[in-house]
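Below, each chain spelled out in residue letters.
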Amino acid sequence: MFDREGRNIDYIRVSITEKCNLRCIYCMPQNICNKKEDICLQSEDINRILKAASILGIQKVRFTGGEPLVVDNIEKIIFNTSKIINIKDISITTNGVLLGDMVTSLKQCGLNRVNISLDTLKKDKFKAITKYGELSKVEDAINKCLSLNLELKLNTVLIRGINDDEITDLINLTKELPLTIRFIELMPIGEGERFYKNGLITSEEILNTHSELFPTGTLDKGIAKLYKLPNAKGKVGFISPISCKFCNNCNKVRLTSNGIIKPCLHSEKELDLTPHLDNDLALVSALRESIYHKPKEHNLLEQPENTSKKLMYQIGG
Ligand code: SAM
Ligand code: SF4
(Lines give C-alpha, C1' and ligand atoms only; values in the text may rest on other atoms or scores of the structure.)
(Ligands and ions follow the chains in the order given, each with its own letter.)
Protein backbone atom coordinates (compact mmCIF):
# COMPACT_ATOMS: atom_id res chain seq x y z
CA MET A 1 0.00 0.00 0.00
CA PHE A 2 1.01 3.64 -0.35
CA ASP A 3 1.79 5.75 2.70
CA ARG A 4 0.68 9.37 2.93
CA GLU A 5 3.96 10.46 1.29
CA GLY A 6 3.14 8.32 -1.75
CA ARG A 7 5.78 5.67 -1.05
CA ASN A 8 4.87 2.10 -1.94
CA ILE A 9 5.50 0.07 1.22
CA ASP A 10 6.06 -3.54 0.20
CA TYR A 11 8.80 -4.71 2.55
CA ILE A 12 8.82 -5.72 6.22
CA ARG A 13 11.80 -6.52 8.41
CA VAL A 14 10.85 -8.86 11.21
CA SER A 15 13.04 -9.13 14.28
CA ILE A 16 12.28 -12.51 15.81
CA THR A 17 14.44 -12.24 18.94
CA GLU A 18 16.51 -9.76 20.91
CA LYS A 19 18.95 -12.51 21.84
CA CYS A 20 22.27 -12.90 20.12
CA ASN A 21 25.21 -15.29 20.26
CA LEU A 22 27.65 -12.38 19.70
CA ARG A 23 28.23 -9.01 21.37
CA CYS A 24 29.42 -6.68 18.62
CA ILE A 25 31.05 -3.66 20.24
CA TYR A 26 28.92 -1.12 18.36
CA CYS A 27 25.61 -2.94 18.77
CA MET A 28 24.93 -4.88 21.94
CA PRO A 29 25.93 -3.99 25.52
CA GLN A 30 28.56 -6.52 26.61
CA ASN A 31 26.84 -7.45 29.86
CA ILE A 32 23.40 -8.35 28.50
CA CYS A 33 22.46 -11.86 29.53
CA ASN A 34 20.95 -14.21 26.95
CA LYS A 35 19.20 -16.16 29.68
CA LYS A 36 16.85 -13.25 30.34
CA GLU A 37 13.35 -14.20 29.26
CA ASP A 38 12.74 -13.10 25.68
CA ILE A 39 9.15 -11.86 25.57
CA CYS A 40 8.56 -12.47 21.93
CA LEU A 41 5.90 -13.32 19.42
CA GLN A 42 5.21 -16.99 18.77
CA SER A 43 5.67 -18.31 15.23
CA GLU A 44 1.85 -18.40 14.85
CA ASP A 45 1.65 -14.69 15.77
CA ILE A 46 4.35 -13.82 13.25
CA ASN A 47 2.47 -15.75 10.59
CA ARG A 48 -0.79 -13.98 11.38
CA ILE A 49 0.88 -10.56 11.23
CA LEU A 50 2.61 -11.40 7.95
CA LYS A 51 -0.66 -12.58 6.41
CA ALA A 52 -2.27 -9.27 7.42
CA ALA A 53 0.71 -7.36 6.03
CA SER A 54 0.53 -9.29 2.75
CA ILE A 55 -3.10 -8.22 2.35
CA LEU A 56 -1.83 -4.62 2.48
CA GLY A 57 0.74 -5.23 -0.24
CA ILE A 58 3.82 -6.46 1.64
CA GLN A 59 5.69 -8.83 -0.69
CA LYS A 60 9.17 -9.01 0.80
CA VAL A 61 10.06 -10.26 4.28
CA ARG A 62 13.45 -10.18 5.98
CA PHE A 63 14.01 -12.01 9.26
CA THR A 64 16.54 -10.47 11.59
CA GLY A 65 17.18 -10.00 15.31
CA GLY A 66 19.23 -10.10 17.61
CA GLU A 67 20.45 -13.17 15.82
CA PRO A 68 17.59 -14.88 13.95
CA LEU A 69 19.39 -18.21 13.80
CA VAL A 70 19.39 -18.65 17.59
CA VAL A 71 15.60 -19.01 17.39
CA ASP A 72 14.71 -22.72 17.58
CA ASN A 73 11.86 -22.69 15.09
CA ILE A 74 13.32 -20.37 12.44
CA GLU A 75 12.80 -23.10 9.84
CA LYS A 76 9.10 -23.33 10.65
CA ILE A 77 8.79 -19.53 10.57
CA ILE A 78 10.37 -19.38 7.11
CA PHE A 79 8.36 -22.32 5.81
CA ASN A 80 5.06 -20.82 7.00
CA THR A 81 5.97 -17.48 5.47
CA SER A 82 6.72 -19.12 2.13
CA LYS A 83 3.13 -20.39 2.07
CA ILE A 84 1.62 -16.89 2.25
CA ILE A 85 0.39 -16.25 -1.28
CA ASN A 86 1.54 -12.66 -1.82
CA ILE A 87 4.97 -13.05 -0.23
CA LYS A 88 7.47 -13.26 -3.08
CA ASP A 89 10.81 -12.89 -1.34
CA ILE A 90 12.15 -14.19 1.98
CA SER A 91 15.58 -13.25 3.29
CA ILE A 92 17.55 -13.18 6.53
CA THR A 93 20.17 -10.92 8.02
CA THR A 94 22.54 -12.95 10.18
CA ASN A 95 26.00 -12.81 11.70
CA GLY A 96 26.60 -16.08 9.87
CA VAL A 97 28.13 -18.03 12.75
CA LEU A 98 25.37 -20.68 12.83
CA LEU A 99 24.43 -20.42 9.18
CA GLY A 100 26.77 -23.00 7.62
CA ASP A 101 24.99 -25.91 9.34
CA MET A 102 21.50 -24.56 8.66
CA VAL A 103 21.50 -22.94 5.25
CA THR A 104 20.65 -26.02 3.18
CA SER A 105 17.55 -26.69 5.21
CA LEU A 106 16.62 -22.97 5.36
CA LYS A 107 16.74 -22.86 1.58
CA GLN A 108 14.49 -25.93 1.38
CA CYS A 109 12.05 -24.13 3.70
CA GLY A 110 11.80 -21.21 1.26
CA LEU A 111 14.69 -18.84 2.01
CA ASN A 112 15.62 -16.83 -1.12
CA ARG A 113 18.40 -14.50 -0.05
CA VAL A 114 20.97 -14.02 2.70
CA ASN A 115 22.77 -11.01 4.15
CA ILE A 116 25.75 -11.79 6.35
CA SER A 117 27.24 -9.08 8.54
CA LEU A 118 31.02 -9.15 8.27
CA ASP A 119 33.17 -6.30 9.54
CA THR A 120 36.66 -7.78 9.21
CA LEU A 121 38.60 -10.50 7.42
CA LYS A 122 41.04 -10.92 10.32
CA LYS A 123 40.46 -13.74 12.80
CA ASP A 124 41.63 -11.92 15.94
CA LYS A 125 39.88 -8.69 15.04
CA PHE A 126 36.69 -10.62 14.36
CA LYS A 127 36.84 -11.96 17.91
CA ALA A 128 37.66 -8.50 19.29
CA ILE A 129 34.67 -6.93 17.52
CA THR A 130 32.16 -9.72 18.16
CA LYS A 131 33.49 -11.09 21.48
CA TYR A 132 32.37 -14.70 20.83
CA GLY A 133 32.55 -15.12 17.05
CA GLU A 134 34.76 -17.43 15.00
CA LEU A 135 35.58 -16.08 11.58
CA SER A 136 36.08 -19.56 10.07
CA LYS A 137 32.41 -20.37 10.72
CA VAL A 138 31.30 -17.28 8.80
CA GLU A 139 33.68 -18.11 5.94
CA ASP A 140 32.19 -21.59 5.83
CA ALA A 141 28.67 -20.11 5.70
CA ILE A 142 29.66 -17.78 2.84
CA ASN A 143 30.99 -20.73 0.84
CA LYS A 144 27.87 -22.81 1.52
CA CYS A 145 25.54 -19.97 0.43
CA LEU A 146 27.49 -19.56 -2.79
CA SER A 147 27.52 -23.29 -3.48
CA LEU A 148 23.72 -23.29 -3.06
CA ASN A 149 23.42 -20.33 -5.47
CA LEU A 150 21.72 -18.22 -2.84
CA GLU A 151 21.89 -14.52 -3.53
CA LEU A 152 24.41 -13.27 -0.97
CA LYS A 153 25.26 -9.83 0.39
CA LEU A 154 27.90 -9.04 2.97
CA ASN A 155 27.21 -6.00 5.14
CA THR A 156 30.13 -4.14 6.66
CA VAL A 157 29.83 -1.35 9.20
CA LEU A 158 33.01 0.70 9.05
CA ILE A 159 34.39 2.08 12.30
CA ARG A 160 37.21 4.59 12.30
CA GLY A 161 40.45 3.14 13.67
CA ILE A 162 39.01 -0.36 13.86
CA ASN A 163 38.34 -1.76 10.40
CA ASP A 164 38.81 1.15 7.99
CA ASP A 165 42.21 -0.34 7.04
CA GLU A 166 40.41 -3.29 5.41
CA ILE A 167 38.28 -1.51 2.84
CA THR A 168 40.44 -2.59 -0.11
CA ASP A 169 40.64 -6.21 1.08
CA LEU A 170 36.87 -6.35 1.53
CA ILE A 171 36.24 -4.85 -1.89
CA ASN A 172 38.72 -7.28 -3.43
CA LEU A 173 36.55 -10.20 -2.29
CA THR A 174 34.24 -9.28 -5.15
CA LYS A 175 36.95 -10.05 -7.72
CA GLU A 176 36.52 -13.80 -7.24
CA LEU A 177 33.21 -14.21 -5.42
CA PRO A 178 29.75 -13.59 -6.92
CA LEU A 179 28.45 -11.59 -3.98
CA THR A 180 27.74 -7.96 -3.15
CA ILE A 181 29.62 -6.24 -0.36
CA ARG A 182 27.90 -3.19 1.06
CA PHE A 183 29.43 -0.60 3.34
CA ILE A 184 26.88 0.67 5.81
CA GLU A 185 27.38 3.92 7.66
CA LEU A 186 27.55 3.53 11.42
CA MET A 187 24.49 4.96 13.12
CA PRO A 188 24.63 6.77 16.47
CA ILE A 189 22.36 4.31 18.19
CA GLY A 190 23.08 2.65 21.54
CA GLU A 191 26.63 1.28 21.67
CA GLY A 192 27.22 2.79 18.23
CA GLU A 193 27.15 6.31 19.67
CA ARG A 194 30.63 6.26 21.22
CA PHE A 195 32.20 5.08 17.94
CA TYR A 196 30.16 7.60 15.97
CA LYS A 197 31.74 10.35 18.07
CA ASN A 198 35.18 9.37 16.66
CA GLY A 199 33.98 10.42 13.25
CA LEU A 200 31.57 8.86 10.80
CA ILE A 201 33.11 7.19 7.74
CA THR A 202 30.79 8.29 4.98
CA SER A 203 30.32 6.47 1.68
CA GLU A 204 31.73 9.54 -0.05
CA GLU A 205 34.94 9.26 1.99
CA ILE A 206 35.38 5.63 0.91
CA LEU A 207 34.93 6.60 -2.73
CA ASN A 208 37.42 9.45 -2.40
CA THR A 209 40.08 7.50 -0.52
CA HIS A 210 39.75 4.52 -2.87
CA SER A 211 39.33 6.40 -6.11
CA GLU A 212 41.65 3.95 -7.88
CA LEU A 213 38.93 1.33 -7.35
CA PHE A 214 36.07 3.61 -8.39
CA PRO A 215 37.34 5.62 -11.34
CA THR A 216 33.92 6.98 -12.17
CA GLY A 217 32.79 7.10 -8.60
CA THR A 218 30.33 9.66 -7.47
CA LEU A 219 27.49 8.76 -5.18
CA ASP A 220 24.02 9.19 -6.53
CA LYS A 221 22.09 11.05 -3.88
CA GLY A 222 19.64 8.81 -2.11
CA ILE A 223 20.33 5.67 -4.11
CA ALA A 224 22.32 2.67 -2.98
CA LYS A 225 24.52 2.66 -6.07
CA LEU A 226 26.37 -0.50 -7.07
CA TYR A 227 29.90 -0.58 -8.47
CA LYS A 228 31.85 -3.33 -10.15
CA LEU A 229 35.62 -3.70 -10.38
CA PRO A 230 36.84 -4.57 -13.89
CA ASN A 231 36.13 -8.28 -14.56
CA ALA A 232 34.88 -8.80 -11.02
CA LYS A 233 32.30 -11.48 -10.26
CA GLY A 234 30.65 -9.47 -7.51
CA LYS A 235 29.61 -5.91 -6.77
CA VAL A 236 30.23 -3.18 -4.22
CA GLY A 237 27.48 -1.05 -2.73
CA PHE A 238 27.05 1.76 -0.25
CA ILE A 239 24.23 2.28 2.18
CA SER A 240 24.37 5.84 3.40
CA PRO A 241 21.50 6.38 5.83
CA ILE A 242 23.29 9.32 7.45
CA SER A 243 25.16 11.25 4.78
CA CYS A 244 22.77 10.59 1.95
CA LYS A 245 19.50 9.61 3.48
CA PHE A 246 17.13 7.65 1.28
CA CYS A 247 13.87 8.29 3.18
CA ASN A 248 12.18 9.33 -0.09
CA ASN A 249 12.70 5.83 -1.43
CA CYS A 250 12.15 3.94 1.82
CA ASN A 251 9.72 1.07 1.21
CA LYS A 252 9.85 -0.71 4.55
CA VAL A 253 8.39 -1.05 8.00
CA ARG A 254 9.77 -3.02 10.92
CA LEU A 255 8.24 -5.47 13.37
CA THR A 256 10.04 -6.05 16.67
CA SER A 257 10.13 -9.42 18.39
CA ASN A 258 7.59 -8.25 20.97
CA GLY A 259 5.01 -7.23 18.41
CA ILE A 260 5.68 -3.54 17.92
CA ILE A 261 5.44 -2.05 14.44
CA LYS A 262 8.03 0.65 13.78
CA PRO A 263 7.31 2.49 10.55
CA CYS A 264 10.70 4.27 10.79
CA LEU A 265 13.92 2.95 12.35
CA HIS A 266 14.78 6.30 13.92
CA SER A 267 11.40 7.45 15.15
CA GLU A 268 9.71 6.90 18.50
CA LYS A 269 6.48 6.40 16.60
CA GLU A 270 5.42 2.81 17.29
CA LEU A 271 2.31 0.68 17.36
CA ASP A 272 1.73 -2.36 19.56
CA LEU A 273 0.05 -5.11 17.54
CA THR A 274 -0.31 -7.57 20.41
CA PRO A 275 -3.84 -6.45 21.45
CA HIS A 276 -5.00 -7.35 17.92
CA LEU A 277 -3.44 -10.78 17.56
CA ASP A 278 -6.74 -12.65 17.88
CA ASN A 279 -8.60 -10.47 15.40
CA ASP A 280 -7.39 -10.50 11.81
CA LEU A 281 -9.50 -7.52 10.73
CA ALA A 282 -8.25 -5.39 13.61
CA LEU A 283 -4.70 -6.46 12.77
CA VAL A 284 -5.04 -5.35 9.14
CA SER A 285 -6.61 -2.09 10.22
CA ALA A 286 -3.87 -1.32 12.82
CA LEU A 287 -1.16 -2.14 10.30
CA ARG A 288 -2.81 0.04 7.65
CA GLU A 289 -2.93 2.96 10.05
CA SER A 290 0.72 2.58 11.03
CA ILE A 291 1.98 2.21 7.44
CA TYR A 292 -0.08 5.17 6.23
CA HIS A 293 1.44 7.42 8.89
CA LYS A 294 5.06 6.36 8.28
CA PRO A 295 7.23 9.41 9.14
CA LYS A 296 8.44 11.42 6.17
CA GLU A 297 12.16 11.30 7.10
CA HIS A 298 14.70 11.08 9.90
CA ASN A 299 16.99 13.90 11.07
CA LEU A 300 19.98 11.95 12.31
CA LEU A 301 22.57 14.21 10.66
CA GLU A 302 21.13 17.42 12.09
CA GLN A 303 20.20 15.89 15.43
CA PRO A 304 22.33 12.79 16.05
CA GLU A 305 20.31 11.53 19.01
CA ASN A 306 18.14 8.75 17.79
CA THR A 307 14.63 9.45 19.06
CA SER A 308 13.66 5.79 18.85
CA LYS A 309 13.52 4.22 22.30
CA LYS A 310 14.83 0.93 20.92
CA LEU A 311 18.37 -0.22 20.08
CA MET A 312 19.64 -1.89 16.93
CA TYR A 313 19.62 -5.44 18.30
CA GLN A 314 16.01 -4.87 19.41
CA ILE A 315 14.85 -3.46 16.08
CA GLY A 316 16.90 -5.71 13.84
CA GLY A 317 18.99 -3.11 12.00
N1 SAM B 1 22.58 -10.37 14.23
C2 SAM B 1 22.32 -10.14 12.87
C3 SAM B 1 23.50 -9.53 12.18
O4 SAM B 1 24.43 -9.09 12.85
O5 SAM B 1 23.48 -9.48 10.94
C6 SAM B 1 21.08 -9.31 12.62
C7 SAM B 1 20.80 -8.16 13.54
S8 SAM B 1 21.97 -6.82 13.44
C9 SAM B 1 21.26 -5.67 14.56
C10 SAM B 1 21.60 -6.16 11.84
C11 SAM B 1 22.63 -5.23 11.27
O12 SAM B 1 22.67 -4.05 12.05
C13 SAM B 1 24.05 -5.78 11.25
O14 SAM B 1 24.54 -5.71 9.90
C15 SAM B 1 24.82 -4.83 12.11
O16 SAM B 1 26.14 -4.65 11.67
C17 SAM B 1 24.00 -3.58 12.00
N18 SAM B 1 24.20 -2.63 13.08
C19 SAM B 1 24.16 -2.82 14.41
N20 SAM B 1 24.39 -1.67 15.08
C21 SAM B 1 24.58 -0.71 14.14
C22 SAM B 1 24.85 0.69 14.16
N23 SAM B 1 24.97 1.36 15.31
N24 SAM B 1 24.97 1.35 12.98
C25 SAM B 1 24.84 0.70 11.79
N26 SAM B 1 24.58 -0.61 11.70
C27 SAM B 1 24.45 -1.32 12.85
FE1 SF4 C 1 24.38 -9.57 17.48
FE2 SF4 C 1 24.05 -8.69 15.02
FE3 SF4 C 1 24.21 -6.95 17.04
FE4 SF4 C 1 26.38 -8.29 16.32
S5 SF4 C 1 25.26 -6.82 15.08
S6 SF4 C 1 25.62 -8.02 18.44
S7 SF4 C 1 25.57 -10.20 15.70
S8 SF4 C 1 22.62 -8.42 16.76
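Just so it is clear, the model here is predicted, and its values are computed rather than measured.

The rules behind the values
Residues numbered from 1 in each chain as written. Chains lettered and ligands numbered in written order. Predicted model: local features only at pLDDT ≥ 70, side-chain atom pairs only at ≥ 80, totals over all residues. Heavy atoms only, no water. Helix = DSSP H or I, 4+ residues; strand = E, 2+ residues; numbered from the N terminus. Buried < 20%, exposed > 50% of the residue type's maximum accessible area, 1.4 Å probe, protein only. Contact = heavy atoms within 4.5 Å. Areas by Shrake-Rupley, 256 points an atom, 1.4 Å probe, with all protein chains shown as cover. Lys, Arg positive; Asp, Glu negative; His and termini not counted. Charge placed at Lys NZ, Arg CZ, Asp CG, Glu CD. Axes fitted to C-alpha atoms, helices over the stretch in contact; angles between N-to-C directions. Parallel < 35°, antiparallel > 145°, perpendicular 65-115°, else oblique. Left-handed = near helix turned anticlockwise from the far one by under 90°. Near = heavy atom within 4 Å. Polar contact = N/O pair within 3.5 Å; in protein donor to acceptor, adjacent residues only side chain to side chain. Pairing = 2+ DSSP bridges. Nonpolar A, V, L, I, M, F, W, Y, C, P; charged D, E, K, R; others polar. Arc of directions from axis to C-beta. Core = buried A, V, L, I, M, F, W, Y, C linked by side-chain atoms within 4.5 Å. Right-handed = clockwise from strand over helix to strand, strands pointing away.

Asker: How would you sum up the overall build of the protein? Please name residues and give values.
Answerer: When its secondary structure is counted, the protein shows 10 helices and 11 strands. Across the 317 residues in the protein, those meeting the buried criterion constitute 56%. Put simply, of all contacts in the protein between residues at least 6 apart along the chain, 72% involve residues at least 24 apart. Counting every atom, the protein has about 14300 Å² of accessible surface; 50% of that belongs to carbon and sulfur. For the protein, the centre of its 44 positive side-chain charges and the centre of its 40 negative side-chain charges are spaced 2 Å apart.

Asker: Can you lay out the packing of helix α2 (residues 74–82) against helix α3 (residues 99–109) for me, pointing to particular residues and giving the numbers?
Answerer: In contact at an axis separation of 8 Å, α2 and α3 are set at 25 degrees when each is read in the N-to-C sense. Here α3 runs roughly parallel to α2, going by the angle between their axes. The handedness of the crossing between α2 and α3 comes out as right-handed. Taking contact as the criterion, the partners of Ile74, Glu75, Ile78, Phe79 and Ser82 in α2 are, on α3, Met102, Ser105, Leu106 and Cys109.

Asker: How would you summarise the site of ligand 1 if you had to cite specific residues and measurements?
Answerer: Not every one of the 19 residues close to ligand 1 is listed here, only the nearest: Tyr26, Gly66, Glu67, Ser117 and Met187. Between Thr94 and ligand 1, the recorded distance is 3.3 Å, taken from a backbone N or O atom to an oxygen atom. Contact between ligand 1 and Met187: a nitrogen atom at 2.8 Å from a main-chain N or O atom of the residue. Alone, ligand 1 offers 540 Å² of accessible surface; in the complex the protein occludes 95% of this.

Asker: I'd like to hear about the sheet that holds strand β11 (residues 271–272), residue by residue, with values.
Answerer: Spatial ordering of the open sheet is given by β7-β8-β6-β5-β4-β3-β2-β1-β9-β10-β11, a layout of 11 strands whose pairing is mixed. The sheet terminates laterally at β7 (226–227) and β11, the two strands that pair on one side only. The pairing of strand β5 (residues 151–157) with strand β6 (residues 180–184) spans five bridges and is classified as parallel. Looking at the pairing, Val157 lines up with Ile184 of β6.

Asker: Explain the site of ligand 2 to me, using residue names and the numbers behind them.
Answerer: Neighbouring ligand 2 are the residues Cys20, Leu22, Cys24, Cys27, Met28, Gly66 and Asn95. Of the residues assigned to the shell around ligand 2, the class counts are five nonpolar, two polar and no charged.

Asker: Pulling in residues and values, what's your account of the pairing of strand β1 (residues 11–15)?
Answerer: Within β1, five of the five residues are buried, leaving the element largely enclosed by the surrounding structure. Of the two faces of β1, the one carrying Tyr11, Arg13 and Ser15 and the one carrying Ile12 and Val14 are both buried. Relative to strand β2 (residues 60–64), β1 runs parallel, the two being bridged by five bridges. Across the sheet, Arg13 pairs through a bridge with Arg62, a residue of β2. As paired elements, β1 and strand β9 (residues 252–255) share four bridges and run parallel to each other. By the bridge assignment, Val14 is partnered in β9 with Leu255.

Asker: Mind laying out α3, listing which residues take part and the relevant values?
Answerer: Of all the residues in α3, the buried ones are Leu99, Gly100, Met102, Val103, Leu106 and Cys109. What you see down the axis of α3 is that its buried residues fit within an arc of 145 degrees, all on one side. Opposite its buried face, α3 presents the exposed residues Asp101 and Gln108, each directed more than 90 degrees away. Backbone geometry just downstream of α3 places Gly110 in the positive-phi region, at approximately 125 degrees.

Asker: How would you sum up helix α6 (residues 167–176)? Please name residues and give values.
Answerer: What α6 keeps buried is the set Ile167, Leu170, Ile171 and Thr174. Down the axis of α6, the buried side of the element spans an arc of 95 degrees, and every buried residue falls inside it. The secondary structure elements touched by the buried residues of α6 are β5, β6, α8 (203–209) and β8 (235–239).

Asker: Would you mind going over the nonpolar core in detail, with residue names and values included?
Answerer: One finds Tyr26, Phe63, Leu99 and Phe183 to be the most contacted residues of the largest nonpolar core, which totals 94 residues. Element by element, the count of residues in this core is highest for helix α5 (residues 135–147), at six residues. Once you skip the residues sitting within four places of it in the chain, Leu99 turns out to touch Leu69, Ile92, Thr94, Leu106, Val114, Ile116, Ala141 and Cys145.

Asker: Which residues make up the pairing of strand β3 (residues 89–94), and what values do they have?
Answerer: Across the six residues of β3, six count as buried, placing the element largely inside the fold. As paired strands, β2 and β3 are joined by four bridges and run parallel to one another. Bridge pairing in β3 links Lys60 to Asp89. Following the chain from β2 across α2 to the adjacent parallel β3, one finds a crossover that is right-handed. In the sheet, β3 pairs with strand β4 (residues 113–117) via four bridges, with the strands oriented parallel.

Asker: How would you summarise the environment of Asn8 if you had to cite specific residues and measurements?
Answerer: Here Asn8 shows up in the segment before β1. Residue class for Asn8 comes out partly exposed when judged on its relative accessible area of 39%. For the pair Asn8 and Arg113, spaced 105 residues apart in sequence, the C-alpha to C-alpha distance is 22 Å. Not counting residues up to four positions away in its chain, the partners in contact with Asn8 are Met1, Phe2 and Asn251.

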